[in-house]
Amino acid sequence: MSGRAVLDGLVRATPQDADGLSALARRAYQHYVPMLNAVPVPMSADYAAHVRDHDVWVLPWGARQGGWLVASLVLMPNPDHLMIESIAVDPAEQGKGHGRMLLDWARQRARDLKLPEIRLYTNVLMTRNRAWYKRAGFAETHEEQRGDKRIVHMKLALAQG
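Residues numbered from 1 in each chain as written. Predicted model: local features only at pLDDT ≥ 70, side-chain atom pairs only at ≥ 80, totals over all residues. Heavy atoms only, no water.

Enquirer: Would you explain the pattern of salt bridges in this entry?
Expert: Once their charged atoms are close, side chains differing in charge can pair, the charge on each being opposite to the other. Considering all chains together, one arrives at 15 salt bridges under this definition. When the shortest N-O distance is used, the salt bridge between Arg12 and Asp55 registers 2.6 Å. A residue pair is termed long-range when its members are at least 10 positions apart, and Arg12 in strand 1 (residues 11-12) and Asp55 in strand 2 (residues 55-60) qualify at 43 residues. In this structure, a network of salt bridges that share partners links the residues Arg12, Asp55, Arg109 and Asp112. (Salt bridge = Lys/Arg side-chain N within 4 Å of Asp/Glu carboxyl O. Helix = DSSP H or I, 4+ residues; strand = E, 2+ residues; numbered from the N terminus.)

Next up, the structure:
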């Protein structure tokens with residue numbers, strides 16, 4: 001981990017984190033399954049591919065060898081925006097500021113990449129998440145039907161300079 005810590009213990013994910021990322025997503029999103037009557041996308045994501053192809057960050061719990069992750073952030077840089085593909089925080093660690101820290105890091109990454117905005121999408125039924133993102137400054141832009149899921153797109157314009 002030397003030289004990789006960037007913010008309050010947050011580090012860039014490595015291929016060895018893929019299983020831990022999957023387990024974290026299952027813990028963080030499983031309570032949505034009954035409400036959605038479906039498996040949220042992060043629960044079935046290919047985290048090995050995310051780590052290989054995207055900008056993935058993790059907050060490990062103590063020693064990293066156990067693969068236990070407190071939180072994760074999957075970012076996908078695009079030419080005109082930074083996409084937050086997922087944010088996951090272990091249920092036992094929610095409410096402690098980890099999600100806000102990840103959003104702050106996403107803002108910093110977008111600035112580093114000279115991107116003017118951050119975008120994300122979430123299921124329309126995830127009202128708690130929608131409200132949390134709105135409190136963080138995101139605005140809903142539109143809704144879209146994707147297969148059996150209805151999603152809402154959100155964006156956050158970043159101040160230039």
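Enquirer: How do you make sense of the packing of aromatic side chains when you look at a structure like this?
Expert: The geometry of an aromatic ring pair is captured by two quantities: the separation of the ring centres and the angle between the planes. This model, assessed by the stated rule, comprises four aromatic pairs. One aromatic cluster is present, built from ring pairs that chain together Trp132, Tyr133 and Phe138. Here Arg27 stacks its cationic end above the ring of Trp68, 3.8 Å away from the centre of that ring. The ring of Tyr121 is capped by Arg146, whose NZ or CZ atom sits 4.6 Å from the centre of that ring. (Phe/Tyr/Trp six-rings, centres within 6.5 Å; stacked < 30°, edge-to-face > 60°. Lys NZ or Arg CZ within 6 Å of the ring centre and 35° of its normal.)

Enquirer: For this particular structure, what's the right way to read the pairing of strand 2?
Expert: Across a regular strand the side chains alternate sides, sitting on one face of the sheet and then on the other. Among the six residues of strand 2, six are classified as buried, and the element is accordingly described as predominantly covered. Burial of strand 2 is two-sided: the residues Asp55, Trp57 and Leu59 facing one way and the residues Val56, Val58 and Pro60 facing the other way are all buried. Alignment of strand 1 against strand 2, held across two bridges, turns out to be antiparallel. In the strand pairing of strand 2, Arg12 is matched with Trp57. Pairing geometry for strand 2 and strand 3 (residues 69-77), over six bridges, is antiparallel. Bridge pairing in strand 3 links Pro60 to Leu69. (Buried < 20%, exposed > 50% of the residue type's maximum accessible area, 1.4 Å probe, protein only. Pairing = 2+ DSSP bridges.)

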